[in-house]
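# What the coordinates show
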Amino acid sequence: MALLLEWLEEAFKYADTDAESGRGDRRSRNPMISLFYGQHKTEGVRDGLPYTQTETFGQFPLAVVPGQDLHQALEASVAAGPDAAASDAAAPGPHQWFTVLPPVLLLELSRFHFDQALGRTEKIHDRLTFPMEMYMDRYLEINKNIVTVKRAEIAQLRQTRHQLQRRLDQYLSFGASAPRLPLSRLLRHALQYARGSVSEPLLDVQDVEMETATSSSVTSMLVDSPSSSPRPARRAASQPSMPSTCSPAVADAVPTRLAASEQDGPRSSESALGPTHTSAEEMAVVQRCLERWTQEVDREVRELKRQIREIDAKIDTMFDEPGLRQVPYRLHSVLVHEGQAVSGHYWAYVFHPQRKIWLKFNDNTVTAATWDDLCLESVGGHHNTSAYCLVYIDVNRHELMDDRTQVDKESGMVDAEDEAQRLPLPLQQYVDEHNRAFQTELETWNSEPQPSDDNTQSMDSADAFGGGSSGDQAMPDPAERTQWEELSARHAAVSLPATLELLKATVADAPGSSARHWICEALGKAQAQARERCGAMDADPNCDYRMDSMPVYLVRNGARDVPDVRWLLLEHFTHPTVRVVPALRDLYQAASLELARLVEQRSEEERLRFRSWHVHYSEFRWVAWSTVLGLGHLAKGRYTESLLYLMQACTKNDKLIAEQADGRTDLGLDPDQLANFRRQAVRGLNKHTVEMFLSGNPAEATQLTQEGTVPALVDLAKSEREQDRVAAEDVRNKWCNLLEQTLDDGRQHALQTIITQLIEPVAERERPMVPIKVQGTEQLAQRYREALSRLKQDG
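Numbering of residues starts from 1 in every chain and runs along the sequence as written. Under the rules for a predicted model, residues below a pLDDT of 70 receive no local features and side-chain atom pairs below 80 are neither given nor counted, while totals for whole chains, interfaces and linings still include all residues. For the side-chain quantities, the full set of heavy atoms in the structure was used; hydrogens and water were omitted.

## Details of helix H28 (residues 698-718)
- Only DSSP runs of H or I reaching four residues or more are called helices, and only runs of E reaching two or more are called strands; each is numbered from the N terminus. Any helix carries an expected span of 1.5 Å times its number of residues minus one. Look at H28: 28 Å from first C-alpha to last across 21 residues, which is about the 30 Å you get at 1.5 Å a residue.
- If you look at H28, its biggest bend is around 40°, right at Thr-705. Fitting axes to the seven residues ending at a residue and to the seven starting there, one defines the bend at that residue as the angle between these axes.

Take a look at the structure:
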């Protein structure tokens, strides 16, 4: 990037004599300097004397530090060092302030460093998040006074937060040696031992609070002096009663412990572990103390987390005031590198201001992308891909962010006349000449005889609607829903081969009939075929014809007698490819008129309902493709990739099914089957990770656990299925069993980290959806059936 800027600057450079002779400012005359270069002032103290130094910059370097976002990286770069902004914002050390910001701001992310131990350059894969739009006011010299005060406040808040976090870590990682566990969990273990119910599952914090809600009434005498505890007069010698503060579990456990302690013989090996030779009063006091301490720890942990959240919120909103939101910059492009320090691949994301979408420029391929796609490949920590340069543009410079160009809504193309007016006159004439030549060629082609019916019938349906050898076709995430008209055309293309075959057969069976007769016959055959395939799905669950036919999807979901099926079939009959076939042109024209008449007669409510069918079907196919890709990776033992696809399929499928009021699941795939696939991927990934850990690679095992297993456990914790809870417990037990083995310090520390993450899994952020690539025009139902068969063969 720096070399490219130098070349461009050299190409636009004016003679120095022009600037020296006063015939113009070189900065304003050189577009490279005026667009890409700014100035910053460095202030500090050197040898006891203050100094000020002004420099010009093109790319502003930023260090990538784990756990930071873009603003934190900027704060660290303009302050005296990585920790200066967090330690003492008012210190006399060197601070940088922007005096002139360029219209196009280039932020260079330093993702490479030289490893002295290895003697080579290594790439930094740490995550660094960045916003779509940010305000640069806090870094300008004109706001120096107010920003300095706010940075001092932030430094104080961070110091307080650090103290609170240290206190919280003591509760969450208690103990003097590995493995360290949460203190509340240790207390609950001790409480279970005191109750003699170690084999029972641990109580949640809420359960303990409910059982001990009246524990505040316990007297200090009962706690501090068990030997002098008063005994109610009605207490029987053989079955002592419990104080009112004891939970039912405690009341049931104490007599059992007393009976065991009163026996002189050895305890049975099948009995639960618990204290022996302990009186009822001592047992009750110990249990109440453990319950009270557990509550105190839980309350303290909740309070510490609440205070930390409040401090984080104050820090995040410290600069959110009108006076510091006057210089907005919007993200325009992101340059991405995949690989390591010595090799890799580059591509770029560029925002299209007229179409309001992101475009991915990868070699000679340009495809539309979503913000989630961009973040997945740019923030770092995913498949060795990360951004190394961010390009932000000054929003106030309207000539750079001009979104006033007219764009055709259907084609997404810029209006030709509007764009031509922006061209120089010679170039306009050149474009006009080529347009006239192209128009003449079109007229000549239209006057020639049309291809025969036989040739048209042999047309590959993939080529007819843009598939085939044109490469991978990106399937959009339903969260980025397009206009329903585009969904209608896409869903008609899904079953286009079957539609063409049906229409051709209908015309051939009744030659010479009217087009209206053909339409009625084709509608009847199509509806009968959809009902027949719905019956076939009941006989063979692995054959899901919904994936390749939206009419089957509608009939399966109870639209058998609703005119929506007729509406949908008419949309299929009016696909542009039908018009290409000479034998079907009359049918196409009649179907178009019938469709227009039908739409005109429907109410707005009926139109909205029909459009919702297209949205549901788009989401259904997205879930199906995600499941197929996940099963493919699962069969090959690629558990990390499989889990990503299956987790998002389960999440989207559950949301889709939730919209069905009658309790049926035909809007999506079988949720229990999807959950089973997800459990297989979780168990497979965990087994692979444990083997990797034992083979001597604890660092990679820790990373796989954090990126794959922990998010999966978060999803399993939200599930109401007993099998999901059992699977989550199996994952934890496999790691806890390693505690019995003799491990070195490095693996002992890694094991402690992994177990802590698995015991209390927390999702750091909302997972972006993994982009889905639909390869060619291969039938989705067939791929789904083959994936299930292959998975069954592999056991």
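## A short note on the environment of Val-391
- Within the element layout of this structure, Val-391 appears in strand E15 (residues 385-394).
- Partly exposed describes any residue whose relative accessible area lies between the buried limit of under 20% and the exposed limit of over 50%, with all areas from a 1.4 Å probe on protein chains only and scaled to the type maximum. On the basis of relative accessible area, Val-391 is assigned to the buried category, the value being 7%.
- Once the C-alpha coordinates of Val-391 and Glu-108 are considered, the two residues, 283 residues apart in sequence, prove to be 8.9 Å apart.
- Setting aside residues up to four positions removed in sequence, Val-391 forms contacts with Val-104, Leu-105, Leu-106, Arg-330, Leu-331, His-332 and Ser-333. By the convention used here, residues are in contact when the closest approach between their heavy atoms is within 4.5 Å.

## Some words on the environment of Leu-374
- When you line up the elements, Leu-374 lands in helix H13 (residues 371-378).
- As for Leu-374 and Ala-387, which are separated by 13 residues in sequence, their C-alpha atoms are 9.5 Å apart.
- In contact with Leu-374, other than residues within four places in its own chain, are Phe-130, Val-334, Tyr-349 and Trp-358.

## Quick notes on empty space enclosed by the protein
- Any residue with an atom within 4 Å of a point lines the site, the site being either a cavity, points on a 1 Å grid over the protein atoms alone where a 1.4 Å probe fits but cannot get out, or a pocket, an open set with protein on both sides within 12 Å along at least 5 of 7 lines. Grid points are joined across faces, edges and corners, and a volume is the space filled by probe spheres set on the points. Within this structure, the stated rule accounts for four cavities of 30 Å³ or more.
- Of the pockets and cavities examined, the largest cavity occupies roughly 160 Å³.
- Ala-526, Gln-529, Ser-549, Pro-551 and Leu-569 are the residues nearest the centre of the largest cavity, which is lined by 14 residues in total.
- Where the lining of the largest cavity is concerned, the elements lending two or more residues are helix H19 (496-509), helix H20 (515-539), helix H21 (550-556) and helix H22 (564-573).
- Top element by residues in the lining of the largest cavity is H20. It accounts for four residues.

## What about the pattern of salt bridges?
- Within this document, salt bridges are pairs made up of a side-chain nitrogen of Lys or Arg and a carboxyl oxygen of Asp or Glu, the two lying within 4 Å of each other. Evaluated as defined, the whole model comprises 32 salt bridges.
- A salt bridge links Glu-594 to Arg-516; the nearest nitrogen and oxygen atoms lie 3.2 Å apart. In this pair, Glu-594 is assigned in helix H24 (residues 585-601) and Arg-516 in helix H20, connecting sequence segments 78 residues apart.
- Judged by its relative accessible area of 11%, Glu-594 falls in the buried class.
- A relative accessible area of 53% means that Arg-516 is categorised as exposed.
- Counted as one network, the salt bridges with shared partners bring together Asp-672, Arg-678, Arg-679, Arg-721 and Asp-724.

## With respect to the packing of aromatic side chains
- Each aromatic pair joins two rings of Phe, Tyr and Trp (for Trp, the six-membered one) with centres within 6.5 Å, and gets the label stacked for planes under 30 degrees apart, edge-to-face for over 60, and tilted for any other angle. According to the stated counting rule, one finds 13 aromatic pairs in the structure shown.
- Judged by centre distance (6.3 Å) and plane angle (90°), the rings of Phe-130 and Trp-371 are edge-to-face. Of the two residues, Phe-130 is situated in the loop between strand E9 (128-129) and strand E10 (133-135) and Trp-371 in helix H13; the sequence distance between them amounts to 241 residues.
- You can call Trp-371 partly exposed: its relative accessible area is 24%.
- When the centroid spacing of 6.5 Å and the interplanar angle of 90° are considered together, the rings of Tyr-553 and Trp-613 count as edge-to-face. Linking Tyr-553 in helix H21 with Trp-613 in helix H25 (residues 604-635), this pair joins segments that are 60 residues apart in sequence.
- Residue Trp-613 is classed as buried on the basis of its relative accessible area of 14%.
- Each residue in the set Phe-130, Phe-351, Trp-358 and Trp-371 is aromatic and connected to the rest through ring pairs, giving one cluster.
- Criterion for a charge above a ring: Arg CZ or Lys NZ at most 6 Å from the ring centre, at most 35 degrees from the ring normal. For Lys-652, the ring lying beneath its charged end belongs to Trp-622, and the centroid distance is 5.4 Å.

## Focus on the packing of helix H27 (residues 671-694) against helix H29 (residues 722-736)
- All axes here are fitted lines through C-alpha atoms, helices being fitted over the stretch that makes contact, and every angle between N-to-C directions spans 0 to 180 degrees. Where H27 contacts H29, the two axes come as close as 10 Å, and the packing angle between them is 0°. Considering the angle they form, H27 stands roughly parallel to H29. Residues Ala-675, Arg-678, Arg-679, Val-682, Arg-683, Asn-686, Thr-689, Val-690 and Phe-693 of H27 pack against Gln-723, Asp-724, Val-726, Ala-727, Asp-730, Val-731, Lys-734 and Trp-735 of H29.
- The class makeup of the residues in the contact of H27 with H29 is eight nonpolar, three polar and six charged. An angle below 35 degrees is read as roughly parallel, one above 145 as roughly antiparallel, one from 65 to 115 as roughly perpendicular, and any other as oblique. Gly counts as polar in this scheme, as do all residues outside two lists: the nonpolar Ala, Val, Leu, Ile, Met, Phe, Trp, Tyr, Cys and Pro, and the charged Asp, Glu, Lys and Arg.

## Observations concerning the sheet that holds strand E5 (residues 95-100)
- Read from one edge of the open sheet, three strands run E2-E1-E5, paired in antiparallel fashion. This sheet does not close on itself; its edge strands, each paired only once, are strand E2 (49-57) and E5. Going from strand to strand, the sheet's axes swing by 25° on average, the running direction of each strand aside.
- Contacts from helix H7 (residues 144-172) reach strand E1 (38-46) and E5, with the element oriented near 145° to E5. For two strands to be treated as a pair, DSSP must find at least two bridges joining them.

## Details of the nonpolar core
- Counting residues in hydrophobic clusters, the biggest one holds 88 residues, and the most contacted among them are Met-547, Tyr-553, Phe-573, Phe-693 and Trp-735.
- Considering each element in turn, this core owes the most residues, 11 residues, to H25.
- Excluding anything up to four places from it in sequence, Tyr-553 contacts Arg-546, Trp-613, His-616, Tyr-617, Phe-620, Leu-656, Asp-666 and Leu-667.
- As used in this record, nonpolar core signifies buried Ala, Val, Leu, Ile, Met, Phe, Trp, Tyr and Cys residues forming a set joined through side-chain atoms within 4.5 Å. Counting 36 residues, the second largest nonpolar core, distinct from the first, contains Val-78, Leu-109, Leu-374 and Ala-387.

## Overview of the packing of H22 against H25
- For the pair H22 and H25, interaxial distance at closest approach is 11 Å and the crossing angle is 65°. Helix-helix and strand crossings are classified by hand; for H22 and H25 the assignment is right-handed. On H25, the residues touching Asp-564, Trp-567, Leu-568 and Glu-571 of H22 are Glu-606, Arg-607, Arg-609, Phe-610, Trp-613 and His-614.
- Looking at the contact of H22 with H25, its residues break down into four nonpolar, one polar and five charged. We call a crossing left-handed when the near helix sits turned anticlockwise from the far one by less than a right angle, and right-handed when that turn is clockwise.

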